[in-house]
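# Tertiary structure, described
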Amino acid sequence: MNADTTFYLMLLVFLGLVVLCVKPLGSYMADVMEGRPNFAVRIGGRFEGLLYRLCGIDPAGQMGWKHYAIALLLFNVLGALIVYALQRAQLWLPLNPQKFAAVSPDSSFNTAVSFITNTNWQGYSGESTMGYLVQMAGLAVQNFMSAATGIVVAIALVRGFARHTVSTIGNFWVDITRSTLYILLPLSVVFALVLVSQGVIQNFDGYKDVTTLERVSYQNPKTDAAGNPIKDAAGNAVTEAASTQTQTLPMGPIASQESIKELGTNGGGFLNANSAHPYENPSPLTNLLEMLAILAIPFALTYTFGRMVGDTRQGWVILAAMLVLLVPMIVLAFQIEQHGNPLIARQGIDQLASATQSGGNMEGKETRFGIAASSLFAAVTTATSCGAVNSMHDSMMPLGGFVPLFLIELGELAPGGVGTGLYSVLMFAILGVFIAGLMIGRTPEYIGKKIEALEMKLASVFILTTPFVVLIGTAVAVSVAAGKIAVANPGAHGFSEILYAFSSAANNNGSAFGGISANTVFYNVALGLAMFIARFWPIVAALAIAGSLAAKKRVPVSDGTMPTHGPLFVALLVGSVLLIGVLTYVPALALGPVVEHFALAAVK
Amino acid sequence: MFTRTLRPALSLLLVMTVLTGLAYPLLITGIARVAFPQQAAGSLVIQHGKAVGSQLIGQSFSDPKYFWSRPSATTPQPYNGVASTGSNLGPLNPALIDGVKAQAKALHDADPANTQPIPVELVTASASGLDPEISPAAARYQAARVARVRGLPTGRVEALIASHTQGRLLGLFGEPRINVLELNLALDGLH
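Residues numbered from 1 in each chain as written. Chains lettered and ligands numbered in written order. Predicted model: local features only at pLDDT ≥ 70, side-chain atom pairs only at ≥ 80, totals over all residues. Heavy atoms only, no water.

### Considering the interface of chain A and chain B
- Facing 124 residues of chain A, the contacting portion of chain B comprises 108 residues.
- Across the chain A to chain B interface the summed buried area is about 9,100 Å²; carbon plus sulfur atoms make up 69%.
- The largest contributions to the chain A side of the interface with chain B come from Leu213, Glu214 and Thr367 of chain A, which together make up 8% of the buried area.
- Scanning the region where chain A abuts chain B turns up 0 salt bridges.
- Counting across the interface, chain A meets chain B through 41 residue pairs in polar contact (both at pLDDT 80 or more).
- For the side of chain A that touches chain B, the element with the highest residue contribution is helix α6 (residues 172-197) of chain A, accounting for 12 residues.
- Here the side of chain A that touches chain B is built from residues that sort into 69 nonpolar, 43 polar and 12 charged.
- Across 2 bridges, strand β3 (residues 349-350) of chain A lies against strand β3 (residues 118-119) of chain B in parallel orientation. Opposite aspartate 350 of chain A, over in β3 of chain B, you have proline 119 of chain B as the bridge partner. (Contact = heavy atoms within 4.5 Å. Buried area = accessible area lost by both parts, 1.4 Å probe. Salt bridge = Lys/Arg side-chain N within 4 Å of Asp/Glu carboxyl O. Polar contact = N/O pair within 3.5 Å; in protein donor to acceptor, adjacent residues only side chain to side chain. Helix = DSSP H or I, 4+ residues; strand = E, 2+ residues; numbered from the N terminus. Nonpolar A, V, L, I, M, F, W, Y, C, P; charged D, E, K, R; others polar. Pairing = 2+ DSSP bridges.)

Here you go:
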């Protein structure tokens, strides 16, 4: 088989596996979130009840959208405070065998916001910054809580469609508890054990020294008494010859964190290289399972939606639209990366795919994943809000790197993050029926609810907040010295690094064109604000829509109702997403990947 | 509304921290230690009672008698276990092409007679900087050099490569590959 055939077969099998999970997982989640007693609730019910008593929660109490939103914001902000405090105090806390010092205030702020917003942007390098307790009790807890937050907002919005003439959209405490207890935690336990069996590490040991086969000689930068690098008159670092035969291996409870990192579409790596690190993602099998874990819940929630509104076709239609957006992007990334880098080919290097090598643009990619599994992962992680990476997006070809960047900018809704994907795509569904309503001159309806001025205003706020934050943030960063100095690559690519950083932060993705040195006060603060605003502003808008829809009467289906369960609606939905995404970002993208693509052809 | 929301928010957060931040990782660690002790501890390779590396973490080789791993962008030394990273060099960055040229020259200098085109992985840095593997093409490219330096028949080295090659999962997922540390240990073990 040639590389193309293998890739397309692999893609087909992979998407088949994803779709197979949709109905069982989707109906399970509907059961759990609707409080229908199933086997899991029977097992966990006692514990769940105990938990409510302990926390003073009345599980029968229903909340209006404002109460729901306040509870959500408070719960998340308190979470951020804990993550911040743990980082600042880690030197005095247990389970820090490497004695890592307190993380700086600006980096702690950035990381705290990053993890509560499901972004998991990482300005720090995990293996040399964070002790095990911070990773577990700070970061991993927010991996669960931010994913659960996404699920509950999606469910609350779905209830807005499913309920009628009521003033409530659910109980935030019950929703967050149930989505953690019955969905995220059991899946994480199983997946973590599978990962350990395949080589992902899980221990509390200190880092281990091994004696390597060969002694390594290298140039070590000299530092002064304060630990700052010494530079010569020309500004270059002064180095001295050094050698070592010791390799230090990082340790830690990685598997337990890795599993929720993917299942919750969080993406924050325990180690700097993230899912490219062999201790996080050691084999093609773990890579396959990690990609499945990223997509499982977001895709299955479309079925949950269909079930809860009483018409599963409505869910399948959304799933179809997601695939229409996703698949071409996967194929584009693969084709571009497999074609390789012409500048490297000129050096007499063999980039052709064969039975014995993957070939293609292998800079920043791992041998075990090659081009196919790296391109697929890059698309999967940015079509969701995951942001874990198994290759370095910064080293992709200009149009290869365009794929993750553009998928992020489309708003991560094909299928999007856990919960965030569903509620984002429903906003575009509202926009879509509104546009269609304008064309045929009727009041738009969706799932039996009239879409009126209030919903449209809120949906517009939802849809426009993120691009606003991305474009303003990028514009500020390219205008100030603190923004420009962080760039690693020259030319258009450097602009792409900044654009990617703000796109990733504001869409709560977390992946990066990683060359950018973002652990500075400017970027920690700017990106922290971007993540916070673009996470919670849209969430409040979505909950307000949920409240408004729940209060409405159900409109019976009539001859004038536009059907939203067929191919026409798929086209309408895809069209709305592309319309907004392209109109918003084409100018910025033209200055980044597009210019770089043409510059590549011009290199002598 | 704020105060009646504060108590459940704070207490639920603490309960969830204990559950997902302590109980859950401890449970996984406990089971892993019993069921998969070797994997959980880092898949260490032990020789004569001494840890010489991990099956999963690559090492730097520059001696012509060994198969070389891929270039590594970790600092200050390549294959630094506590500083995983890629180069993050963009496709047009002149530093990328300079690196490719330097690595190609090092490979040529170690084996001037070899005029085959160099497989791309041998001149490009991996994503983690710790890639433990190379492709069969990259191993075969180096086979003649290793055989010559060690005074072994090329066929013997190629047979060793073949026996260390892992294929794709189900013929579809991932890429064919060879663990460099294991291959080099096997070479050292030949008599």
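Alright, that's what it looks like, and here's the rest.
### As for the sheet that holds strand β4 (residues 133-134) of chain B
Residues and elements named next belong to chain B.
- Pairing within the open sheet is antiparallel, and its 3 strands lie in the order β4-β6-β5. Edge positions in the open sheet fall to β4 and β5 (165-166), since each of these has one partner strand only.
- The sheet contact formed by β5 and strand β6 (residues 177-179) spans 2 bridges and is antiparallel. Residue pairing for β6: threonine 165 is matched across the bridge by isoleucine 178.

### Examining the packing of aromatic side chains
- Using the criterion set out here, one finds 21 aromatic pairs over all chains in the structure.
- Residues tyrosine 68 of chain A and phenylalanine 172 of chain A carry aromatic rings whose centres are separated by 5.6 Å and whose planes lie at 85 degrees to one another, so their mutual orientation is edge-to-face. Here tyrosine 68 of chain A is found in helix α3 (residues 65-88), whereas its partner phenylalanine 172 of chain A is found in helix α6, with 104 residues between them in sequence. The pair tyrosine 68 of chain A / phenylalanine 172 of chain A is uniform in exposure class, with both members buried.
- A network of ring pairs unites the aromatic residues Tyr68, Phe75, Phe172 and Trp173 of chain A as a single cluster.
- Arginine 145 of chain B extends its terminal NZ or CZ atom over the ring of tryptophan 68 of chain B, reaching a point 4.5 Å from the ring centre. (Phe/Tyr/Trp six-rings, centres within 6.5 Å; stacked < 30°, edge-to-face > 60°. Buried < 20%, exposed > 50% of the residue type's maximum accessible area, 1.4 Å probe, protein only. Lys NZ or Arg CZ within 6 Å of the ring centre and 35° of its normal.)

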